Amino acid sequence: FLCSVFQPENLQKNWLREFYQVVHAHKPHFMALHCQEFGGKNYEASMSHVDKFVKELLSSDAMKDYNRARVYLDENYKSQEHFTALGSFYFLHESLKNIYQFDFKAKKYKKVTGKEIYSDTLESTPMLEKEKFPQDYFPECKWSRKGFIRTRWCITDCAFDLVNIHLFHDASNLIAWETSPSVYSGIRHKALGYVLDRIIDQRFEKVSYFVFGDFNFRLDAKAVVETLCAKATMQTIRAADTNEVVKLIFRESDNDRKVMLQLEKKLFDYFNQDVFRDNNGTALLEFDRELSVFKDRLYELDISFPPSYPYSEDSSQGKQYMNTRCPAWCDRILMSHSAKELILKSENDEKIVIYDHIGPNVCMGDHKPVFLSFRIAAGAGKPIANVHKCCVVQ
């Protein structure tokens, strides 16, 4: 499984090279690639790059053993109430037999053959469910593209949902810093809860699910700043006309009052970036708290990679973070507790389950893609008595 954010054309070669290396290393038989902000922020100008990217993925030598594919691209940017800029790609290796995808309208599984691409018409394809979050979830963003796409699959009598998700960002570092947990954390909590309720409602049989994409989860800003700047004094700078706080400056109490951190709406300039990179930023994981609310519903493997956002988009700075936001693990792969049980436990010492990021030393855009590789036991998804029923195609 892979999840990622798509970036502009100048990074496509890097991106694809690193992606293919991971595919080659793990040789998955079923592969899911979830993209958010497909075409980048300026999608009207970049949709032509998207087509090139899709063609390259479907025809490249690195992917030649994947003889079936489904591509779902939400490219309909003129439809304000529906557009999510999500892209979901699914590739099936030639060695896989009898793969079925669920038709949500007919409520039955259909055998997957050939390669198909769906773009403008996602609203009318019965093979997925797509929703954009209601506008009132995030009123300050007048045209948000946040939402989700869900597909359902059945492989070796094992049925599961794959949900591509994009949750709301932090609009201002200063507002995020005010309360713990932040107001934005509350908005993401509400939206993620909405998705989880939707995928286990009464309309369809309940199956295991994987939810992956850009959750925009952030570290608890108040707690991080208090820890990073424990011995600092804070100076508040206000706008002359409105008296609104526009900047906070944290200085060391001694040491010539050296500036440790400057905080503005879109500035998080901390003097020592190594703290986010050393030992994969592990020291900061205690501030990664947004998932704790969902611990009864969602499981995640241990994180052993550095924060996935916001990386510099300068192609010579593969490891450098931008000083716009506090680095955080925005890109995640989460699963239901029943999905966790599906993942084959290692029978010897080799690592069968791998949760990591792609392109650690290469510029991949402002997000580093994150991937999960695992094996599923045949028939794992069903109690023994029901194994034959899962994928009966009527």
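Residues numbered from 1 in each chain as written. Predicted model: local features only at pLDDT ≥ 70, side-chain atom pairs only at ≥ 80, totals over all residues. Heavy atoms only, no water.

**So, the sheet that holds strand β15 (residues 267–270)**
Heads up, the rule is: If DSSP finds at least two bridges between two strands, the strands pair. A helix here means a DSSP run of H or I that spans at least four residues, while a strand means a run of E at least two residues long, and both kinds are numbered starting from the N terminus. Fitted lines through C-alpha atoms serve as axes, helices being fitted only where they are in contact, and the angles separating the N-to-C directions of these axes extend from 0 to 180 degrees. Contacts are assigned to residue pairs that have any heavy atoms within 4.5 Å of one another.
Here 4 strands make up an open sheet; going across it, the order is β12-β13-β14-β15 and the pairing antiparallel. Each end of this open sheet is capped by a strand with a single partner; those strands are β12 (232–238) and β15. Here the average twist between neighbouring strands, direction ignored, is 15°. Two strands pair when backbone bridges link them, and strand β14 (residues 259–264) and β15 are joined in this way by 4 bridges, in the antiparallel orientation. Within β15, the position partnered with Gln262 by the bridge is Asp269. Those strands touched by helix α5 (residues 221–228) are β13 (245–252), β14 and β15, and its axis lies near 25° from that of β15.

**Considerations on the side chain of Ser308**
Here is the rule: Residues adjacent in sequence count toward polar contacts only when both atoms are side-chain atoms; beyond that, a polar contact is any pair of N or O atoms within 3.5 Å, and within protein one must be able to donate a hydrogen and the other to accept it.
Tracing the backbone through its elements, the reader meets Ser308 in the loop between α6 (274–277) and β16 (331–335). Engagement of the side chain of Ser308 in a polar contact is seen with the side chain of Asp331, the distance being 2.7 Å. Ignoring sequence-local partners within four residues, the contact set of Ser308 consists of Ala328, Trp329, Cys330, Asp331, Asp366, His367, Lys368 and Val370.

**Here's the deal with the packing of aromatic side chains**
Note the cut-off: Classification of ring pairs rests on two measures: the distance between centres of Phe, Tyr or Trp rings, Trp counted by its six-membered ring, which must be within 6.5 Å, and the angle between planes, read as stacked under 30 degrees, edge-to-face over 60 and tilted in between. Charge-over-ring placement is defined geometrically: NZ (Lys) or CZ (Arg) within 6 Å of the ring centre, and within 35 degrees of the ring normal.
Going through the model one piece at a time under the given rule, you end up with 30 aromatic pairs. The structure contains a cluster of three or more aromatic residues connected by ring pairs, namely Trp15, Phe19, Tyr20, Phe38, Phe53, Tyr66, Phe89 and Phe91. Lying over the aromatic face of Tyr299, Lys340 brings its terminal NZ or CZ to 4.5 Å of the ring centre. Its end group placed over the ring of Tyr311, Lys368 keeps NZ or CZ at 4.3 Å from the ring centre.

**Some details on the confidence of the model for the protein**
Our working rule: Per residue, pLDDT captures the predictor's confidence, and it can take any value from 0 to 100.
When pLDDT is averaged across the protein, the result is 89; 89% of the residues are at 70 or more. Contacts from residues 384–394, a stretch scored under 50 in pLDDT, to residues over four places away or in other chains number 15 contacts.

**A look at the pattern of salt bridges**
To keep it simple, the criterion reads: When a carboxyl oxygen of Asp or Glu is within 4 Å of a side-chain nitrogen of Lys or Arg, the pair counts as a salt bridge. Only protein chains enter the accessibility calculation, which uses a 1.4 Å probe. A residue is then buried if its area is under 20% of the maximum for its type, exposed if over 50%, and partly exposed in between.
Using the criterion set out here, one finds 21 salt bridges in the structure. Here Arg70 ties to Glu116 by a salt bridge, and the two come within 3.5 Å at their closest N and O atoms. With Arg70 in strand β3 (residues 66–73) and Glu116 in strand β7 (residues 115–118), this pair connects stretches of sequence that are 46 residues apart. A residue is classified by how much of its surface remains accessible, and Arg70, at 6% relative accessible area, is buried. Classification of Glu116 as partly exposed rests on a relative accessible area of 31%. Residue Arg203 pairs with Asp201 through a salt bridge whose shortest N-O separation is 2.8 Å. With a relative accessible area of 28%, Arg203 lands in the partly exposed category. A cluster of three or more residues bridged by salt bridges with shared partners is formed by Glu129, Glu131, Arg150, Arg152, Asp161, Arg198, Asp201 and Arg203.

**Some remarks on unusual backbone geometry**
Cis geometry marks the peptide bond from Ser180 to Pro181; its omega dihedral reads 0°. Residue placement: Pro181 occurs in the loop between α3 (173–178) and α4 (183–199). Residue Arg257 is not a glycine yet carries a positive backbone phi of 55°. Structurally, Arg257 is set in the loop between β13 and β14. Non-glycine residue Asn280 carries a positive phi angle of around 60°. Mapped onto the secondary structure, Asn280 falls in the loop between α6 and β16.

**Section: the nonpolar core**
Taken as a class, soluble globular proteins show a tendency for nonpolar side chains to be buried jointly. Quick reminder of the rule: The term nonpolar core refers to a set of buried residues drawn from Ala, Val, Leu, Ile, Met, Phe, Trp, Tyr and Cys, joined through side-chain atoms within 4.5 Å.
In this structure, Phe30, Trp153, Leu162, Phe210, Cys229 and Phe268 are the most contacted members of the largest nonpolar core, which totals 57 residues. Looking at which element gives the most residues to this core, the answer is α5, with 4 residues. Listed in part, the 30 residues of the second largest apolar core include Trp15, Val50, Val362 and Met364.

**As for α4**
Put simply, the test is: A helix is expected to span 1.5 Å multiplied by its residue count minus one.
Helix length check: α4, at 17 residues, gives a terminal C-alpha distance of 25 Å against a target of 24 Å (1.5 Å per residue), a fit within 8%. Within the span of α4, buried status applies to Tyr184, Ser185, Ile187, Arg188, Ala191, Leu192, Gly193, Val195, Leu196 and Ile199. Structurally, α4 contributes buried residues whose contacts are with β9 (147–155), β10 (158–166), α3 and β11 (208–214). In this structure Ser182 caps α4, since a side-chain oxygen of it lies 3.2 Å from the backbone nitrogen of Tyr184.

**What about the pairing of β14?**
Alignment of β13 against β14, held across 4 bridges, turns out to be antiparallel. Across the sheet, the residue bridging to Arg251 is Val259, located in β14. As consecutive antiparallel partners, β13 and β14 are separated by 6 residues, and within that stretch Asn255 has a phi angle of approximately 50°, a positive value.

**A closer look at the environment of Arg238**
By the element assignment, Arg238 lies in strand β12. In sequence terms Arg238 and Leu248 are 10 residues apart; their C-alpha atoms lie 9.0 Å from each other. Sequence-distant contacts of Arg238, defined by excluding residues within four places in its chain, comprise Asn243, Glu244, Val245 and Val246. There is a polar contact of 3.0 Å between the side chain of Arg238 and the backbone oxygen of Asn243.

**A look at the environment of Thr282**
For Thr282, the location among the structural elements is in the loop between α6 and β16. Sequence spacing of Thr282 and Phe305 is 23 residues, and the spatial spacing of their C-alpha atoms is 8.3 Å. Here the side chain of Thr282 touches Asn279 through a polar contact of 2.4 Å, landing on its backbone oxygen.

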